Amino acid sequence: MGLHPDRLLPIEPEARDVARRLFSGVEMLPILSPHGHTEPSWYAENGRFPDPAALFVVPDHYIFRMLFSQGVPLEALGVPRTDGGAVETDGRRIWRLFAEHYHLFRGAPSRLWFEHSLQTVFGIEERLTADNADALYDRIAEALGRDDMRPRALYERFRIEAIATTDSALDDLRHHDAVRASGWRGRVLPTYRPDAVVDPERPGFQDALARFFELTGETETWAGYLAGHRTRRAYFKARGATATDHGHPSARTADLPAADCERLFEAVRSGRSNPAENELFRAQMLTEMARMSREDGLVMQIHPGSVRNHNAPLFARFGFDKGADIPSRTDYVEALRPLLAAVGNDPSVTVIVFTLDETSYSRELAPLAGHYPALRLGPAWWFFDSPEGMRRFRETTTETAGFYNTVGFNDDTRAFLSIPARHDMARRVDCAFLARLVCDGRLDEDEAHEVAHDLAYRLAKNAYRL
Amino acid sequence: MGLHPDRLLPIEPEARDVARRLFSGVEMLPILSPHGHTEPSWYAENGRFPDPAALFVVPDHYIFRMLFSQGVPLEALGVPRTDGGAVETDGRRIWRLFAEHYHLFRGAPSRLWFEHSLQTVFGIEERLTADNADALYDRIAEALGRDDMRPRALYERFRIEAIATTDSALDDLRHHDAVRASGWRGRVLPTYRPDAVVDPERPGFQDALARFFELTGETETWAGYLAGHRTRRAYFKARGATATDHGHPSARTADLPAADCERLFEAVRSGRSNPAENELFRAQMLTEMARMSREDGLVMQIHPGSVRNHNAPLFARFGFDKGADIPSRTDYVEALRPLLAAVGNDPSVTVIVFTLDETSYSRELAPLAGHYPALRLGPAWWFFDSPEGMRRFRETTTETAGFYNTVGFNDDTRAFLSIPARHDMARRVDCAFLARLVCDGRLDEDEAHEVAHDLAYRLAKNAYRL
Amino acid sequence: MGLHPDRLLPIEPEARDVARRLFSGVEMLPILSPHGHTEPSWYAENGRFPDPAALFVVPDHYIFRMLFSQGVPLEALGVPRTDGGAVETDGRRIWRLFAEHYHLFRGAPSRLWFEHSLQTVFGIEERLTADNADALYDRIAEALGRDDMRPRALYERFRIEAIATTDSALDDLRHHDAVRASGWRGRVLPTYRPDAVVDPERPGFQDALARFFELTGETETWAGYLAGHRTRRAYFKARGATATDHGHPSARTADLPAADCERLFEAVRSGRSNPAENELFRAQMLTEMARMSREDGLVMQIHPGSVRNHNAPLFARFGFDKGADIPSRTDYVEALRPLLAAVGNDPSVTVIVFTLDETSYSRELAPLAGHYPALRLGPAWWFFDSPEGMRRFRETTTETAGFYNTVGFNDDTRAFLSIPARHDMARRVDCAFLARLVCDGRLDEDEAHEVAHDLAYRLAKNAYRL
């Protein structure tokens with residue numbers, strides 16, 4: 001038992017040897033985490049993580065979605081209900097339920113992340129079973145009480161060099177201020193995520209917009225709205241932000257005449273907009289954000305293509321982010337054209353595009369990124385943050401876009417303990433891919449070492465301007 | 001010559017060894033065939049199979065489509081014309097034509113199925129050629145005259161534990177009754193396939209509907225129509241059916257108010273419906289069938305996405321199922337939403353979805369099945385019932401849906417002799433996939449043995465309630 | 001350094017051995033190049049190729065698109081501006097810029113083509129670097145001055161047996177006449193490419209149409225227009241053409257009544273057609289061309305799915321073919337139905353379809369080609385003319401369409417020196433694929449040798465009627 005030392009490397013001995021050499025050169029590199037969802041308060045307050053279930057099961061949609069898919073109610077897993085109704089609160093019982101269904105995770109990346117955390121953070125090499133569930137629970141719970149398990153200690157132990165959080169445009173970033181004021185040497189950066197004041201279809205949009213204008217002191221016009229974004233971006237940038245992030249239903253962008261923008265804004269602001277106008281407003285705003293990126297140097301990230309809250313009964317009961325976000329077919333060729341016409345030929349701009357539609361890699365995204373100076377491809381995302389997903393990403397993008405129009409790895413996680421596991425996985429899969437190129441004569445080994453280093457560290461550092 | 005003992009296992013020696021061990025544990029397991037198209041009369045009457053051409057060529061669209069694609073007329077292959085016009089009737093000449101074009105099947109799964117049958121059923125290890133065509137024809141023809149080549153003997157020799165047929169909603173299931181009355185221990189189950197009375201665009205729909213009402217004695221209203229389905233489902237269930245099957249052009253589902261359903265039914269019944277109404281009626285009926293499955297416990301299978309009878313001139317001459325059914329792009333995310341809102345969160349319901357659009361595996365189907373308790377993924381289907389197709393199925397679904405939201409293998413065939421070949425292929429490809437997970441450290445070998453057994457036997461048994 | 005002798009063959013030793021044996025049987029076969037874009041004037045005039053930059057960088061969109069994507073202006077690479085504005089003219093400086101960015105091509109097929117040319121044509125085994133850029137420039141420039149580097153000498157040295165060019169319907173083919181008149185034994189064939197007079201949305205369409213009628217002496221009616229195509233096709237055929245080629249935005253075909261065609265033609269001819277009519281006209285013309293192919297025996301090639309000139313600012317500055325052509329989602333099932341209804345069942349017709357949308361291989365194109373006698377699949381095209389692209393082509397088409405509904409390899413290039421490199425790559429990748437089939441028991445080695453020969457030579461010879 002325990003982690004296989006050559007896990008995810010090629011099985012063929014010659015290629016495995018090459019991959020081992022490549023991996024040994026990048027395994028211990030610092031971690032750059034330029035896109036993720038950890039809580040800034042963890043670093044500011046440096047409190048203890050709660051019990052094993054609250055750490056590994058309750059907040060992790062990769063885990064509870066799989067259990068739910070096999071008939072385990074979310075209530076039994078302690079997932080809070082929006083109506084405050086009763087759910088399981090006994091961490092040990094939740095943990096046992098997880099252990100009893102542990103076979104469901106065979107072949108899933110979440111299993112590998114979990115076992116990497118168990119072994120490297122808690123020294124546990126046994127496989128979780130119904131039989132040892134209580135014993136492992138106790139070992140983890142005990143460890144979580146130690147000071148070397150607090151967020152700042154783990155940040156250092158994980159060799160994190162910088163980590164970005166994702167923050168609402170309305171956030172005052174007080175936790176980020178607290179981290180900086182504390183004198184701790186960790187580097188925790190905010191990311192400007194304005195979806196709540198950009199997407200008219202998000203619940204609470206009108207209220208968020210009102211607060212946005214209150215906060216920025218601008219007039220409620222299109223010009224005032226844009227000025228407000230500039231103000232807030234500057235506020236984020238002053239606190240270390242190097243990037244913005246945009247989670248839209250589609251990748252559609254637009255570049256309308258000013259008068260149309262004004263009319264569109266007024267429809268949206270007043271709550272009288274229809275779905276087509278909402279989509280158009282989001283589309284226009286991506287182009288506006290891209291132009292602001294050209295002004296202030298913040299890197300722009302676009303995460304499109306998730307149909308959120310697909311399961312209406314579940315959404316009514318448990319709210320957002322409960323594993324019912326489903327990828328959908330996503331077009332980029334026509335969708336990105338207006339934005340690219342505006343900033344795509346400017347090498348000083350960086351727009352990083354992600355996808356949940358793997359068919360777009362070879363057909364659309366690699367050809368676009370292999371042409372436009374401003375465009376870069378984000379790593380395999382979400383359901384594809386996995387060995388097979390990462391392999392397909394390289395196999396379908398490298399020949400057209402090369403390695404240097406990609407931006408290294410993002411862990412994109414709110415599961416703090418899984419961060420080293422995810423970077424370890426990405427480094428292994430990339431080294432495995434490179435080893436195959438070396439062994440079948442497509443790349444020399446000295447070059448592969450350089451590329452491995454680029455993929456693990458330098459590309460993220462450069463693309464995110466860290 | 002002869003079958004390679006390690007065929008379809010990994011080439012790399014270490015992985016091949018693991019795969020051999022896994023496969024040896026499942027090779028001899030009984031066959032469950034919960035979805036297929038063999039004739040119930042074969043088991044009822046236990047007659048002899050006809051000559052080699054009538055067994056292997058004339059009825060097998062995998063075979064004659066490939067010959068046709070290279071210019072061999074279907075008439076020369078003995079495929080009957082709808083107008084009763086002359087076609088080749090000499091089995092030996094048809095067989096020779098097949099032999100002369102045998103090279104066309106290089107790399108195709110139908111070649112592997114055929115050779116598996118030749119060797120394991122007829123003891124023939126030679127490759128078919130123009131030179132040995134006559135000799136092999138004679139050997140097979142002679143064997144077909146023996147009693148141990150009759151359907152019931154083969155059923156037993158193939159270690160089939162249960163086999164489902166696919167039967168029209170209007171069928172009286174007399175052959176199934178005869179099998180049960182005969183005292184033979186074989187288990188032959190009907191499957192309720194109501195397409196003929198559900199799809200207004202099928203030729204003969206109005207007549208089928210009239211017979212449906214006659215058969216069930218219900219009034220020709222929406223309520224009577226639904227009641228009729230309940231009656232027929234109960235009739236099938238009483239004769240052993242555990243499942244229904246639905247072959248629709250798309251995966252679209254709907255859940256309309258009762259008044260709309262009544263209006264829609266009246267339009268369809270009276271023959272005045274337009275294409276949009278036809279599509280909506282089929283969509284509504286999938287949701288109705290899902291609700292009936294919740295009532296009566298029949299497992300629901302949805303097979304969408306085939307554009308039937310693409311070749312109009314060929315269809316006019318030879319009718320249905322002549323190799324001119326072409327897959328098309330199929331959406332599931334929005335299409336299945338109404339049905340899933342109705343029954344998707346109920347773990348007591350099982351809806352098994354198939355696809356002919358492989359892009360939907362990682363993007364749509366695995367995320368949906370990895371979330372909704374009622375949803376399971378059917379195996380790689382039709383054109384993808386093949387080594388590469390099965391491999392891609394596992395590679396693109398396992399990381400998100402795991403193994404346990406899939407349902408094992410279906411042979412889906414009307415070619416009785418190919419059943420063991422197809423299960424053999426599926427078991428080998430799954431063991432090969434598992435061996436790779438073991439060798440690169442993603443799964444322990446003891447777990448892989450358990451999963452191999454699940455994929456070969458237990459998942460089908462549980463999913464289809466056998 | 002230098003090319004790996006086993007490059008692109010399987011890494012696993014047993015499979016590599018088989019692949020080596022297969023490859024040794026096809027490595028030295030003559031090259032058939034039935035679809036490409038070399039200049040007929042090269043063969044007619046047999047002049048010298050210019051300097052290394054003008055040979056390898058300036059005209060090659062695979063090269064300059066990658067440099068541009070990383071911020072290198074096209075002006076600095078010597079790409080001519082449409083306004084005649086100043087661009088770099090010093091070949092040595094362009095070459096240095098290429099050398100400084102050579103790492104961008106790691107993992108890209110263009111790197112392999114380039115290094116194959118360097119080594120086999122110029123005897124250079126060093127990797128290009130900023131340090132050796134000048135020295136290599138000098139060696140290549142010197143070699144280009146030698147007579148054995150002229151086009152005809154290279155044609156012979158490359159063992160080319162026949163090469164097709166692509167020529168406008170308006171071309172007088174004077175260079176082809178000159179080649180034939182010269183007594184040189186090389187076989188250079190024109191290809192009829194009528195897009196300029198078929199696509200109403202091409203700049204200059206009205207002028208081209210006027211010249212077409214002038215050239216053919218036909219009346220400006222639908223009937224005259226079709227007669228004009230027949231005349232021009234005969235002109236091409238008399239000069240050795242065996243094929244036509246059609247580069248359309250989509251694969252849509254139509255087969256309208258004559259009166260509709262006449263109205264449509266009049267709208268298009270008079271410049272009053274709208275986008276829907278333009279699309280319909282192109283669609284109709286594909287079916288007309290297919291019918292003419294049935295009459296005159298020219299093989300028809302359809303290259304759909306490229307969104308041309310995606311980057312409007314770049315197009316304004318540099319014009320066509322500057323790396324901003326982006327693939328898009330392409331449908332075939334409904335799109336090709338009218339054409340296939342007209343000629344698809346005729347084995348005497350050959351329609352070769354290409355795609356830039358890999359999702360269509362297994363879902364649409366292989367099932368269509370595995371059924372219709374007239375349909376064949378072109379090789380992996382453009383962005384997919386690469387090791388991974390070719391591998392995916394075989395993996396997703398072979399099981400359904402077999403090898404014999406494909407047509408061998410096309411280099412599709414205007415980069416003359418890369419022709420042997422591209423055929424070498426295709427032969428290696430196909431032998432690697434075949435070796436895997438042999439090693440996992442799907443094909444016998446004697447058959448694999450025959451298939452390797454077919455893929456490298458015989459299929460192209462037959463499909464293109466060479």
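Residues numbered from 1 in each chain as written. Chains lettered and ligands numbered in written order. Predicted model: local features only at pLDDT ≥ 70, side-chain atom pairs only at ≥ 80, totals over all residues. Heavy atoms only, no water.

- The name given to chain A in an unreviewed UniProt entry is Glucuronate isomerase, with the source organism recorded as Antarcticirhabdus aurantiaca.

## Overview of the interface of chain C and chain A
Then comes step 1: The partner chain A presents 48 residues to the 50 residues of chain C that form the contact.
Then comes step 2: Taking both partners together, chain C and chain A bury about 4000 Å²; carbon and sulfur atoms supply 51% of that area.
Then comes step 3: For the pair chain C and chain A, the number of links is 10 salt bridges.
Then comes step 4: At the junction of chain C and chain A, the tally comes to 28 residue pairs in polar contact (both at pLDDT 80 or more).
Then comes step 5: Of all elements in the fold, only α1 (13-24), α4 (61-69), α6 (109-122), α15 (312-318), β9 (326-327) and α18 (387-401) of chain C reach the threshold of two or more residues within the side of chain C that touches chain A.
Then comes step 6: With 5 residues, the top contributor of residues to the side of chain C that touches chain A is α18 of chain C. (Contact = heavy atoms within 4.5 Å. Buried area = accessible area lost by both parts, 1.4 Å probe. Salt bridge = Lys/Arg side-chain N within 4 Å of Asp/Glu carboxyl O. Polar contact = N/O pair within 3.5 Å; in protein donor to acceptor, adjacent residues only side chain to side chain. Helix = DSSP H or I, 4+ residues; strand = E, 2+ residues; numbered from the N terminus.)

## Here we look at the pattern of salt bridges
All names here are of chain A.
Then comes step 1: This structure, assessed with the given rule, holds 160 salt bridges over all chains.
Then comes step 2: The partner of R150 in a salt bridge is D147, and the shortest N-O contact between them spans 2.8 Å.
Then comes step 3: Ionic pairing is found between R291 and D255, a salt bridge with its closest N-O pair at 2.9 Å. With R291 in helix α14 (residues 275-296) and D255 in the loop between β6 (243-246) and α13 (258-269), this pair connects stretches of sequence that are 36 residues apart.
Then comes step 4: Among the residues examined, R291 registers a relative accessible area of 23% and is labelled partly exposed. (Buried < 20%, exposed > 50% of the residue type's maximum accessible area, 1.4 Å probe, protein only.)

## Focus: the relation of the copies chain C and chain A
Then comes step 1: Of the two same-sequence chains, chain C is brought onto chain A (RMSD 0.0 Å, axial shift 0.0 Å) by a rotation of 120 degrees. With respect to symmetry, the two chain copies, as superposed, fit the operation of a three-fold axis. Minimal C-alpha distance to the rotation axis in chain C is attained by E12 of chain C, lying at 3.6 Å.
Then comes step 2: Of the interface residues in chain C, just 6% have counterparts in chain A that sit at the interface too, so the contact is made through distinct surfaces. (Least-squares fit on C-alpha atoms with pLDDT ≥ 70 in both.)

## What about the relation of the copies chain C and chain B?
Then comes step 1: At an RMSD of 0.0 Å, chain C and chain B line up after a rotation of 120 degrees and a shift of 0.0 Å along the axis.
Then comes step 2: Take the interface residues of chain C: only 6% of them recur as interface residues in chain B, which is what a contact between different surfaces looks like.

## Comments concerning the sheet that holds strand β2 (residues 160-164) of chain A
All names here are of chain A.
Then comes step 1: In space, the 3 strands of this open sheet follow the order β1-β2-β4, with parallel pairing throughout. The outermost strands of the open sheet, each flanked by one partner alone, are β1 (31-33) and β4 (188-189).
Then comes step 2: As paired elements, β1 and β2 share 3 bridges and run parallel to each other. Across the sheet, residue S33 finds its bridge partner in β2, namely I163.
Then comes step 3: Here helix α19 (residues 419-439) sits on the sheet in contact with β1 and β2, set at roughly 105 degrees to β1. (Pairing = 2+ DSSP bridges. Axes fitted to C-alpha atoms, helices over the stretch in contact; angles between N-to-C directions.)

## Describing helix α5 (residues 91-100) of chain C
All names here are of chain C.
Then comes step 1: Among all positions of α5, only G91, I94, W95, L97, F98 and A99 are buried.
Then comes step 2: Each element contacted by the buried residues of α5 is listed here: α3 (52-56), α4, α6 and α7 (133-144).
Then comes step 3: Near the N-terminus of α5, the side chain that reaches the backbone nitrogen of R92, with its oxygen 2.9 Å away, is that of D90.

## Regarding helix α12 (residues 222-238) of chain B
Residue and element names in this part refer to chain B.
Then comes step 1: Over its 17 residues, α12 runs 24 Å from end to end, which matches the ideal 24 Å to within 8%, given 1.5 Å per residue.
Then comes step 2: Buried within α12 we find W222, G224, Y225, L226, A227, G228, H229, R232, R233 and F236.
Then comes step 3: Phi turns positive, to about 100 degrees, at G240, one or two residues after α12. (Expected span 1.5 Å × (residues − 1).)

## Comments concerning the nonpolar core
Then comes step 1: Of all hydrophobic cores here, the largest spans 162 residues; its most connected members are L77, W95, F98, F122 and F416 of chain B together with Y225 of chain C.
Then comes step 2: The element contributing the most residues to this core is helix α19 (residues 419-439) of chain C, with 11 residues.
Then comes step 3: Look past the residues within four positions of F98 of chain B in its chain and what remains in contact with it is V57, I63, L67, F105, F114 and L128 of chain B. (Core = buried A, V, L, I, M, F, W, Y, C linked by side-chain atoms within 4.5 Å.)

## Topic: the interface of chain C and chain B
Then comes step 1: Counting from both sides, the interface comprises 48 residues of chain C and, opposite them, 49 residues of chain B.
Then comes step 2: Here chain C packs against chain B, burying approximately 4000 Å² in sum over the two surfaces, 51% of which is carbon and sulfur.
Then comes step 3: Its largest share of buried area at the contact with chain B, chain C owes to R363, H371 and E399 of chain C, together 19% of the area lost on that side.
Then comes step 4: The tally of links between chain C and chain B comes to 10 salt bridges.
Then comes step 5: For the salt bridge of R127 of chain B with D444 of chain C, the shortest nitrogen-to-oxygen distance reads 3.0 Å.
Then comes step 6: For the pair chain C and chain B, the number of links is 28 residue pairs in polar contact (both at pLDDT 80 or more).
Then comes step 7: Of all the secondary-structure elements, those providing two or more residues to the side of chain C that touches chain B are α1, α16 (337-344), α17 (359-369), α18, α19 and α20 (445-463) of chain C.

## Points about the side chain of H310 of chain A
Then comes step 1: Take H310 of chain A: it is sitting in the loop between β8 (306-307) and α15 (312-318).
Then comes step 2: Once residues lying within four places of it in the same chain are set aside, the contact partners of H310 of chain A are A324 and I326 of chain A together with V333, R337, L340, L368 and Y372 of chain B.

## Focus on the packing of aromatic side chains
Then comes step 1: Here the structure, examined in full by the defined rule, presents 111 aromatic pairs over all chains.
Then comes step 2: Ring centres of F213 of chain C and Y225 of chain C lie 6.3 Å apart, and the angle between their planes is 45 degrees; on these two criteria the pair is classed as tilted. Highlighted residues: F213 of chain C in helix α11 (residues 205-216) and Y225 of chain C in helix α12 (residues 222-238), separated in sequence by 12 residues. For the pair F213 of chain C and Y225 of chain C, one class covers both residues: buried.
Then comes step 3: Linked through ring pairs, F56, W95, F98, Y102, F105, F114, F122 and Y137 of chain A together constitute an aromatic cluster. (Phe/Tyr/Trp six-rings, centres within 6.5 Å; stacked < 30°, edge-to-face > 60°.)

## Description of the environment of Q206 of chain B
All names here are of chain B.
Then comes step 1: If you trace the backbone, Q206 turns up in helix α11 (residues 205-216).
Then comes step 2: Taking relative accessible area as the criterion, Q206 reaches 35% and is therefore assigned partly exposed.
Then comes step 3: Setting aside residues up to four positions removed in sequence, Q206 forms contacts with V268, R269, S270 and G271.

## A few points about the pairing of strand β6 (residues 243-246) of chain B
Residue and element names in this part refer to chain B.
Then comes step 1: Judged by which residues are buried, β6 turns out to be covered on both faces: A243 and D245 on one side and T244 and H246 on the other are all buried.
Then comes step 2: Note: β6 against strand β7 (residues 299-302), 4 bridges, orientation parallel. Among the inter-strand pairings, T244 is bridged to a residue of β7, identified as M300.

## Points about the side chain of H61 of chain B
Then comes step 1: Its location among the elements puts H61 of chain B in helix α4 (residues 61-69).
Then comes step 2: Overall, H61 of chain B belongs to the buried group, its relative accessible area being 18%.

## Observations regarding the sheet that holds strand β2 (residues 160-164) of chain B
All names here are of chain B.
Then comes step 1: Spatially, the 3 strands line up as an open sheet ordered β1-β2-β4, and their pairing is parallel. Both edges of this open sheet fall to β1 (31-33) and β4 (188-189), since each of them pairs with a single strand only.
Then comes step 2: The sheet contacts of helix α19 (residues 419-439) involve β1 and β2, and relative to β1 the element is tilted by about 105 degrees.

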